[in-house]
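# Structural features, examined
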Amino acid sequence: AEALAMAESLRGAIASGYLLGGQGVDVTASIGVVLCGQRIDDADEVMKQVDLALYRAKAAGRNAAWIFDPALQADLLQRAALVRDLRAALHEEQFVLHYQPVVGLDRRTLGVEALVRWPHPQGGFVPPSTFIPVAESHALIVELGDWVLSAACRQLVEWAADPVKSAWTIAVNVSAVQLRESAFVAKVEAALRSTGARPDRLRLEITESMLHDDLEQTIAKMHALRAVGVRFALDDFGTGYSSLSYLKRLPLDQLKIDRAFVSNVDCEANDAAIARTILALASILDIHVVAEGVETEGQWGFLVEHGCRAFQGYLFSRPAPAAHL
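This structure is a prediction, so every number in the text was calculated from the model and none was measured. Position numbers for residues start from 1 in each chain and track the written sequence from start to end. It should be noted that, the model being predicted, local features are given only for residues of pLDDT at least 70 and side-chain atom pairs only at 80 or more, the latter also being counted only at that level, while totals for whole chains, interfaces and linings use all residues. Calculated side-chain values reflect all of the structure's heavy atoms, with hydrogen atoms and water omitted.

## Re the overall build of the protein
- Where helices and strands are cited, they refer to DSSP runs of H or I of at least four residues and of E of at least two residues respectively, numbered from the N terminus. Within the protein, the regular secondary structure consists of twelve helices and 13 strands.
- Rg of the C-alpha trace for the protein: 25 Å, well past the compact-globule value of 20 Å for 325 residues, more than 25% over.
- If you line up the protein on its principal axes, its C-alpha atoms span 75 × 45 × 40 Å.
- Going through the 325 residues of the protein one by one, you find that 41% of them count as buried.
- A separation threshold of at least 6 residues defines the contact pool for the protein, and within that pool the share at least 24 residues apart is 64%. C-alpha atoms define the radius of gyration, and 2.2 Å times the number of residues to the power 0.38 defines the globule rule. Only protein chains enter the calculation, and the probe is 1.4 Å; a residue is then buried if its accessible area is under 20% of its type maximum, exposed if over 50%, and partly exposed in between. We call two residues in contact when some of their heavy atoms are within 4.5 Å.

Right, dumping it as C-alpha cells:
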C-alpha cells in the first residue's frame, strides 16, 4: 500500500502540468513497482521484474502504477517457450490441416475451409487461439500462412482425381500481414504453379478489418489473382466496419455471415434482421452467402427460409483431417 501511495504521489506530481518555452505540456507516467524486501541478491533480476510491471502498466492503458506479480514472469517465460516451439514447428512442418465442409441445401459438400492445427510433440494439440496471435505478433504468421497455402494447394491436386472431391473448393484464411506483403500475389501464383492446383478451386478469405490499411493496393492484388481464376470470400461479414462502398469494388464471390449473428438468428430479433439484410444485399449484388456456425435445425430452417444456400457449422461436421471427410 505504501509503495502504491508513493507511486500515485509521483504520478500526480508529474501530471500537474508544465510550461516549456511558453507552451503548456501535460505529461502522464506509467510506473512499475517491485517489492524486494530488505535484501537484493540480484539487481539485474529486479530490473527485469520492474520492467515487466512497467510493461503491464502500459498495456493496461498507461498513466497507472502496477506492482510486479510473479505470474507476469511466468507468462513471459511461457510465451517465449511458445515462440521457440513455433519456430521449431515451422522448421519441422509439425502443422496439419483440418477441413470443415461447406454444404448446400441438400447437405452435400460444396467445398471446405482449411483450418491449421498444431499437434505439439509433447503437449498435444495447441489451440489456434493460443498460437495464432503469438505467430502474428512475432512475424511468424507469414511463414505459417505460406505453408497453409501450399498444403491446401497440394490437397486440391490430390482431390482432383476423385470424382466427387474434384469439384470441391478449399478456402484459406489470409492474414493482414500476408496481404500487405508486396510479394503476396507472386507467392499465391507460385504455390498454384508448383503444385498444379486449379486456381478456380482456391478461395482466399479476407476480413473487413483488412480493408482499411491500403484499400487500393488490396483491390489491385485481388484483381490480379482473380484474373488467374482465384476466388475471394469476405469472412466475418458484419462484425467489422462494414462499408457498402467497397462491396461493389471488390472482386468477391462470397460473403460469410459471422457465427455471432447465426447463433441467435432464430431467437433474437436484431440478429435475425441483420442476417436477412445480408442475404438480401448479397442477392442484389449477385454474391453467394455462406452462414457460419450453424449448429441447430432452427438456425438452418430460418436461413433456408430467407434465401441462404450454403452453410458451415457443427450441425453438419466438425473440422476433420482430409482422410475423414
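Back to the text.
## Let's talk about the pairing of strand E10 (residues 231-237)
- Buried residues dominate E10, accounting for five of its seven residues.
- The pairing criterion is simple: DSSP has to find at least two bridges between the two strands. Relative to E10, strand E9 (residues 202-207) runs parallel, the two sharing five bridges. Residue pairing across strands places Thr207 opposite Asp235, the latter belonging to E10.
- For E10 and strand E11 (residues 254-257), the ladder comprises three bridges, and the chain directions are parallel. By the bridge assignment, Phe237 is partnered in E11 with Ile257.

## Some remarks on helix H4 (residues 128-137)
- Buried within H4 we find Phe131, Val134 and Ala135. When H4 is viewed along its axis, its buried side chains cluster within an angular range of 100° and face the same direction.
- Residues of H4 that are buried in the fold lie against helix H3 (70-92), strand E6 (109-120), strand E7 (124-126) and helix H5 (141-159). Here the arc refers to the set of directions running from the helix axis out to each C-beta atom.

## Thoughts on the nonpolar core
- One finds Phe95, Leu202 and Leu204 to be the most contacted residues of the largest nonpolar core, which totals 77 residues.
- Dropping the residues within four chain positions of it, Leu202 is found in contact with Leu149, Cys153, Leu156, Ile170, Val172, Val188, Leu192, Val230 and Arg231. The nonpolar core is taken to be a set of buried Ala, Val, Leu, Ile, Met, Phe, Trp, Tyr and Cys residues, with the residues joined through side-chain atoms within 4.5 Å.

## A look at the side chain of Asp271
- Considering the arrangement of structural elements, one finds Asp271 in helix H11 (residues 269-285).
- Lacking a salt bridge, the buried Asp271 has Arg276 as its closest oppositely charged neighbour, with an N-O distance of 11 Å. All tallies of charge rest on Lys and Arg as positive and Asp and Glu as negative; His and the ends of each chain are not included. Salt bridges are identified by distance alone: a Lys or Arg side-chain nitrogen within 4 Å of an Asp or Glu carboxyl oxygen.

## Some points on the pattern of salt bridges
- The tally for this structure, following the rule as stated, stands at twelve salt bridges.
- Between Lys256 and Glu113 there is a salt bridge; the shortest N-O distance is 3.2 Å. With Lys256 in strand E11 and Glu113 in strand E6, this pair connects stretches of sequence that are 143 residues apart. Judged on exposure class, the residue Lys256 and its partner Glu113 are both buried.
- In this structure, Arg198 engages Asp200 in a salt bridge whose closest nitrogen and oxygen atoms are separated by 2.6 Å.
- One salt-bridge network, in which partners are shared between bridges, spans Glu113, Glu205, Lys256 and Glu292.

## As for the packing of aromatic side chains
- Here is the rule: rings of Phe, Tyr and Trp (six-membered ring for Trp) pair when centre to centre is within 6.5 Å. Planes less than 30 degrees apart are stacked, more than 60 are edge-to-face, and the remainder are tilted. Inspection of the entire model under this criterion finds nine aromatic pairs.
- Both rings, one in Trp159 and one in Trp168, keep their centres 5.2 Å apart while their planes meet at 80°; by these two values the pair is edge-to-face.
- For Trp168, a relative accessible area of 7% translates into the label buried.
- Ring centres of Phe311 and Phe316 lie 6.3 Å apart, and the angle between their planes is 45°; on these two criteria the pair is classed as tilted.
- Three or more aromatic residues link up through ring pairs in this structure, and these residues are Phe95, Trp118, Phe131 and Trp147.
- The ring of Trp300 has Arg107 lying over it, and the distance from NZ or CZ to the ring centre is 4.2 Å. Ring-over charges, as used throughout, are those where CZ of Arg or NZ of Lys falls within 6 Å of the ring centre and within 35 degrees of the ring normal.

## A few points about a nonpolar patch on the surface
- Like charges within 9 Å and nonpolar side chains (Val, Leu, Ile, Met, Phe, Trp, Tyr) within 5 Å are joined into patches, using only residues over 30% in relative accessible area that form no salt bridge. A 1.4 Å probe and the Shrake-Rupley method give the accessible areas. Residues count as covered only by the protein chains that appear here. On the surface, Tyr18, Leu20 and Val27 cluster together to form a nonpolar patch covering roughly 270 Å² of accessible area.
- By relative accessible area, Val27 is classed as partly exposed at 33%.

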